[in-house]
Amino acid sequence: MVNERLPDRLRVAAVADIHYPHGTDASTVPALLQAASSADVLLLCGDLTHHGLVDEATGLARLLAKAPIPILAVLGNHDFHSDQQEEIRRALRDSPIQVLDGDSVEVRGVGFAGVKGFGSGFGRRVLEPWGEPVVKQFVREAVEESLKLGAALAQLQAERRVAVLHYAPIAETVEGEPPEIQPFMGSSRLEEPINRLQACAVFHGHAHHGRPEGRTTAGIPVYNVSMPLLK
């Protein structure tokens, strides 16, 4: 878990890619609760579940019920795998885990905006909406996630704003993944609203073999908190 102190305001613990229950060893939940005990908010940056099943999500929520702080989450690609993402969101409404999907919330004066994000690549090699309809649809998904992030950040009145994502907004934190799949790990389109609306930090997951830290072109710190990477 990354434990980041935002200046004079808030202690943030963050982790992604729990993949509950697959690969979740006996130390995982105690480690999450221990991190929560020394933080003011816990961020779960996608892939809460492994197969995208409601029972997996509610099982994780039960284990985290003892966390003494707010838990904010976004869903990841694994949480969509069984087409139960809407059921997962509904099931978690009465749990300790608050799922953000184009939503924003303030915790002790710090604003958090969350979306899943999507791929399409980075920089000058970002995929453009040309050619077959399926390519245009792929790019449209990335654009819509970027617009949702911008709208959520813009809603916040707090001076300090944090972006919570699953997919990466910069190439730097996915370096280490095979080059062939890096365009599917995130999108520069997510970076634009982060820079424009001056977020103070970004947390994401998805890139299990990426790099733990990077910065946007505007110098905003980006943290890859994928659990396999942190381990």
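Residues numbered from 1 in each chain as written. Predicted model: local features only at pLDDT ≥ 70, side-chain atom pairs only at ≥ 80, totals over all residues. Heavy atoms only, no water.

Caption draft 1: Inspection of the pattern of salt bridges at higher detail. Throughout the structure, instances matching the rule amount to 10 salt bridges. Residue Glu145 pairs with Lys148 through a salt bridge whose shortest N-O separation is 2.9 Å. Of the two residues, Glu145 and Lys148 both sit in helix H4 (residues 133–155), 3 residues apart, roughly one turn of that helix. Given a relative accessible area of 4%, Glu145 falls into the buried group. (Salt bridge = Lys/Arg side-chain N within 4 Å of Asp/Glu carboxyl O. Helix = DSSP H or I, 4+ residues; strand = E, 2+ residues; numbered from the N terminus. Buried < 20%, exposed > 50% of the residue type's maximum accessible area, 1.4 Å probe, protein only.)

Caption draft 2: Broad picture of helix H2 (residues 54–63). Of all 10 residues making up H2, 7 are buried, and the element is well covered by its neighbours. When H2 is considered as a whole, its buried residues turn out to be Val54, Glu56, Ala57, Thr58, Gly59, Leu60 and Ala61. The inward-facing, buried residues of H2 contact helix H3 (85–92) and strand E5 (97–99). (Contact = heavy atoms within 4.5 Å.)

Caption draft 3: Inspection of the sheet that holds strand E8 (residues 160–164) at higher detail. Ordered by their spatial adjacency, 6 strands build an open sheet running E6-E7-E8-E9-E11-E10, and the pairing between neighbours is mixed. Strands with a single pairing partner mark the edges of an open sheet, and in this sheet they are strand E6 (103–107) and strand E10 (213–215). Adjacent strand axes in the sheet meet at a mean angle of 25 degrees, parallel and antiparallel pairs treated alike. Of the pairings in the sheet, the one linking E8 to strand E9 (residues 201–204) comprises 3 bridges and is parallel in character. Looking at E9, one finds that Ala163 is bridged to Val202. (Pairing = 2+ DSSP bridges. Axes fitted to C-alpha atoms, helices over the stretch in contact; angles between N-to-C directions.)

All quantities given are derived from atomic positions and should not be read as evidence of function.
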